[in-house]
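One letter stands for each residue in the lines below.
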Amino acid sequence: AGGFVAYGRVLGQLAVSRSFGDRAFKDLDVSGGAGATPRMARLVSAEPDVSCVRWQPGDYLLIACDGVWDVMSDQEATDALVDAHMQTGNMQLAVEQLVHAVEHDRKSNDNITAIGVRLDA
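On a predicted model such as this, the values are computed, not experimentally measured, just so you know.

Chemist: Before we move on, can you summarise the overall build of the protein chain with the specific residues and values?
Modeler: When helices and strands are counted, the protein chain shows 4 helices and 6 strands. Helices and strands in the protein chain line up, N terminus first, as β-β-α-β-β-β-α-α-α-β. Restricting to contacts in the protein chain with at least 6 residues of sequence separation, those with at least 24 account for 50%. For the protein chain, the accessible surface area stands at approximately 8600 Å², while carbon and sulfur atoms represent 50% of it.

Now the structure itself:
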């Protein structure tokens, strides 16, 4: 589509596109300058990635923003949540421990939001 990624960001500026806003990154003229034939590109999309999975009672669901995913893999974050929940028996405390680890131990520089759910029948 054109454009580039620098410092982990689209055009060196945008890490994650939000559904609303960031319009300049969604329809960008990448024709190459004055006199060139206009060519528009969509560098980012607000369309979500969707997966359908089968779950079983006792599985966990972790929904988090890029402040978490920038510094932890899916597995690391899930392991941290499950371990903390097993130790405390309290999902709120488990999520608070995860967010604390992301901010203080992993030094995330982005916004940090997390929701943890234990799926039961």
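Chemist: Explain the environment of alanine 77 residue by residue, including any values.
Modeler: By the element assignment, alanine 77 lies in helix α3 (residues 74–88). Of the residues examined, alanine 77 reaches a relative accessible area of 0% and is grouped as buried. Look past the residues within four positions of alanine 77 in its chain and what remains in contact with it is Leu62, Val68, Trp69, Met72 and Leu98.

Chemist: Any chance you could break down a nonpolar patch on the surface for me, citing the residues and the numbers?
Modeler: The grouping of Leu61, Ile63 and Ile115 at the surface amounts to a nonpolar patch, some 250 Å² of accessible area in total. Within the fold, isoleucine 115 resides in strand β6 (residues 114–118).

Chemist: Mind laying out the nonpolar core, listing which residues take part and the relevant values?
Modeler: Core analysis: the biggest nonpolar cluster contains 14 residues, and Leu62, Met72, Ala77, Leu81, Leu98 and Ala114 have the highest contact counts within it. Secondary structure elements with two or more residues in this core: β5 (60–64), α3 and α4 (91–105). Here the element with the most residues in this core is α4; it accounts for 6 residues.

Chemist: Before we move on, could you go through the packing of α3 against α4 and cite the residues and values that matter?
Modeler: Contact geometry of α3 with α4 gives a least axis separation of 8 Å together with a crossing angle of 140°. As summarised for this structure, α3 and α4 are arranged oblique, according to the angle between their axes. At the point where α3 passes α4, the crossing takes the right-handed sense. Counting all contacts with α3, which are made through Ala77, Ala80, Leu81, Ala84, His85 and Thr88, the residues of α4 involved are Met91, Leu93, Ala94, Val95, Gln97 and Leu98. A class-by-class count of the residues in the contact of α3 with α4 yields 9 nonpolar, 3 polar and no charged.

Chemist: Quick rundown of the pattern of salt bridges? Include the residues and the values.
Modeler: Within this structure, the stated rule accounts for 2 salt bridges. Here arginine 106 and glutamate 76 are joined by a salt bridge, their closest N and O atoms 3.5 Å apart. Note that arginine 106 is positioned in the loop between α4 and β6 and glutamate 76 in helix α3, a separation of 30 residues in sequence. A relative accessible area of 35% places arginine 106 in the partly exposed class. Its relative accessible area of 36% is what places glutamate 76 among the partly exposed residues.

The rules behind each value
- For every chain, the first residue of the written sequence is number 1, and numbering continues from 1 along that sequence.
- Local features in this predicted model are restricted to residues of pLDDT 70 or higher, and side-chain atom pairs are both shown and tallied only at a pLDDT of 80 or more, whereas totals for entire chains, interfaces and linings draw on every residue.
- Just so you know, side-chain values use all the structure's heavy atoms and leave hydrogens and water out.
- Numbering of helices and strands runs from the N terminus; a helix is a DSSP stretch of H or I covering at least four residues, while a strand is a stretch of E covering at least two.
- Whether two residues touch is decided by their heavy atoms; if any such pair falls within 4.5 Å, the residues are in contact.
- The method behind every accessible area is Shrake-Rupley, applied with a 1.4 Å probe, and residues are considered shielded solely by the protein chains displayed.
- Each residue is assigned to one of three classes by its accessible area relative to the maximum for its type, calculated with a 1.4 Å probe on protein chains only: buried under 20%, partly exposed between the two thresholds, exposed over 50%.
- Candidate patch residues must exceed 30% relative accessible area and have no salt bridge, after which like charges are joined if within 9 Å and Val, Leu, Ile, Met, Phe, Trp or Tyr side chains if within 5 Å.
- Between Lys or Arg on one side and Asp or Glu on the other, a salt bridge is scored when a side-chain nitrogen of the former is within 4 Å of a carboxyl oxygen of the latter.
- By nonpolar core we mean a set of buried residues, namely Ala, Val, Leu, Ile, Met, Phe, Trp, Tyr and Cys, connected to one another through side-chain atoms within 4.5 Å.
- For helices, the fitted axis covers only the stretch in contact; all axes are lines through C-alpha atoms, and the angles between them, taken along N-to-C directions, range from 0 to 180 degrees.
- The labels follow the angle: roughly parallel below 35 degrees, roughly antiparallel above 145, roughly perpendicular from 65 to 115, and oblique for the rest.
- Definitions for this section: a left-handed crossing has its near helix turned counterclockwise from the far helix by less than a right angle. A right-handed crossing has that turn clockwise.
- When residues are grouped by polarity, Ala, Val, Leu, Ile, Met, Phe, Trp, Tyr, Cys and Pro land in nonpolar, Asp, Glu, Lys and Arg in charged, and all others, Gly among them, in polar.

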